[in-house]
Amino acid sequence: MKALPIEVTMVGLKPTVAAKIDGQDVKLVVDSGAFFNSLTASFALERNLKPAKGEYTGSRIPEAQATVITGVAGKVKVSPIVQADTFEFAGLNFKAVPFLTTVSLGSASGILGQNFLRLMDVEYDLTNRVMRLVQVEDCDKADLAYWVKPGAGYSIIPINQMTPERAHIVGSVFINGTKMRAIFDTGASTTFITKRAAAKAGVKVDDAGVVESGATQGIDARRIQTWVGRFPSIKIGDEEIRNGRLTIGDSSADFFDVLVGADFFLSHRVYVAKSQQKLYFSYNGGPVFNVPRPQAPVTSAPDQAAQP
């Protein structure tokens with residue numbers, strides 16, 4: 001088992017890492033919910049990056065090959081593909097690397113996605129501002145929560161096999177006892193449940209105590225209405241949060257029920273064992289979920305971040 005530590009800088013609730021594109025220093029968001037590396041369209045234009053060969057798509061980068069992506073709203077967006085001559089990250093050097101193009105990402109120039117991250121096991125220790133790329137050998141039956149002290153609690157949940165076509169970290173969580181399909185997504189600042197899934201768990205946006213919390217958007221640049229609701233039971237692995245609040249979004253996405261976001265990763269140490277199709281995590285402390293300030297008070301029951 002060999003681990004390569006990489007320094008992480010948190011920009012709000014966004015984990016970012018340093019890299020170089022064609023020799024220029026860039027900041028990339030570590031996005032375990034993105035299936036492919038991306039660069040902002042503005043950065044691609046400024047650096048005059050070459051388009052990948054393909055038919056003209058009408059994008060601002062002509063003759064760009066394109067693919068389709070889906071975001072938190074569930075909408076489809078065409079994303080042109082460009083090519084960087086060189087990509088340097090964590091002491092590794094790559095040539096002729098394709099990147100999707102995407103909307104503005106604030107101070108970041110792009111996204112580090114699952115086409116890179118899924119190639120090995122990844123440990124997210126965001127509390128200590130570090131992630132680790134882990135190469136494992138003969139560890140099929142090993143307990144990979146190596147940091148947990150004897151007698152301390154931690155969780156293991158199965159995740160789907162990760163492939164180029166299905167590169168997300170997908171597992172199951174239980175909301176009010178109802179099994180939900182969850183994507184563990186460091187690119188989502190806060191944990192999020194769809195309006196449809198919340199209703200399935202018995203919480204509707206017109207219920208008493210559920211309040212509007214404005215609009216949000218994902219990589220598809222579509223804005224959706226959100227609410228904050230309280231859920232009697234949120235169970236992830238062996239941890240159960242009682243009377244916890246979650247953001248509810250009016251999303252038509254059908255490939256997930258819940259996005260487990262960077263707020264969860266900040267309050268936990270998480271090891272994505274692609275090699276075993278398992279997710280290991282332990283609670284570090286602090287609030288498990290970060291929700292926007294509601295426009296009106298919700299019920300007074302306190303949030304509880306339960307340890308295993």
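Definitions and cut-offs
- Residues numbered from 1 in each chain as written.
- Predicted model: local features only at pLDDT ≥ 70, side-chain atom pairs only at ≥ 80, totals over all residues.
- Heavy atoms only, no water.
- Pairing = 2+ DSSP bridges.
- Helix = DSSP H or I, 4+ residues; strand = E, 2+ residues; numbered from the N terminus.
- Axes fitted to C-alpha atoms, helices over the stretch in contact; angles between N-to-C directions.
- Buried < 20%, exposed > 50% of the residue type's maximum accessible area, 1.4 Å probe, protein only.
- Polar contact = N/O pair within 3.5 Å; in protein donor to acceptor, adjacent residues only side chain to side chain.
- pLDDT = per-residue confidence, 0-100.
- Contact = heavy atoms within 4.5 Å.
- Salt bridge = Lys/Arg side-chain N within 4 Å of Asp/Glu carboxyl O.

**With respect to the sheet that holds strand 21 (residues 268-273)**
Across the sheet, six strands lie side by side as 1-12-11-21-22-13; this open sheet has antiparallel pairing. Looking along the sheet, the strands with just one partner apiece sit at the ends: strand 1 (2-7) and strand 13 (155-158). Pairs of neighbouring strands in the sheet enclose a mean axial angle of 15 degrees, with direction left out of account. Examined bridge by bridge, strand 21 and strand 22 (residues 278-283) share six bridges and lie antiparallel to one another. Considered in strand 22, the bridge of Arg-269 is made with Ser-282.

**Focus on the side chain of Gln-276**
For Gln-276, the location among the structural elements is in the loop between strand 21 and strand 22. Under the relative-accessibility criterion, Gln-276 is labelled buried at 12%. Polar contacts involving the side chain of Gln-276 include one to the main-chain carbonyl oxygen of Cys-139, which spans 2.6 Å.

**Digging into the confidence of the model for the protein**
Overall, the prediction assigns the protein a mean pLDDT of 85, with 84% of residues at 70 or greater. In the model, residues 54-64 has pLDDT below 50 throughout and makes 23 contacts with residues more than four positions away in sequence or in other chains. In this model, residues 295-308 is a region of pLDDT below 50 whose contacts with residues beyond four sequence positions or in other chains number 38 contacts.

**Quick notes on the pattern of salt bridges**
The final tally for this structure, using the stated rule, is eight salt bridges. Measuring nitrogen to oxygen at the nearest pair gives 4.0 Å for the salt bridge that ties Lys-20 to Asp-25. In this structure Lys-20 comes out as partly exposed when scored by relative accessible area, which is 32%. Residues Arg-196 and Asp-257 are paired through a salt bridge, measuring 3.0 Å at the closest nitrogen-oxygen approach. In this pair, Arg-196 sits in helix 3 (residues 195-200) while Asp-257 sits in the loop between strand 19 (239-249) and strand 20 (258-260), placing the two residues 61 residues apart along the sequence.

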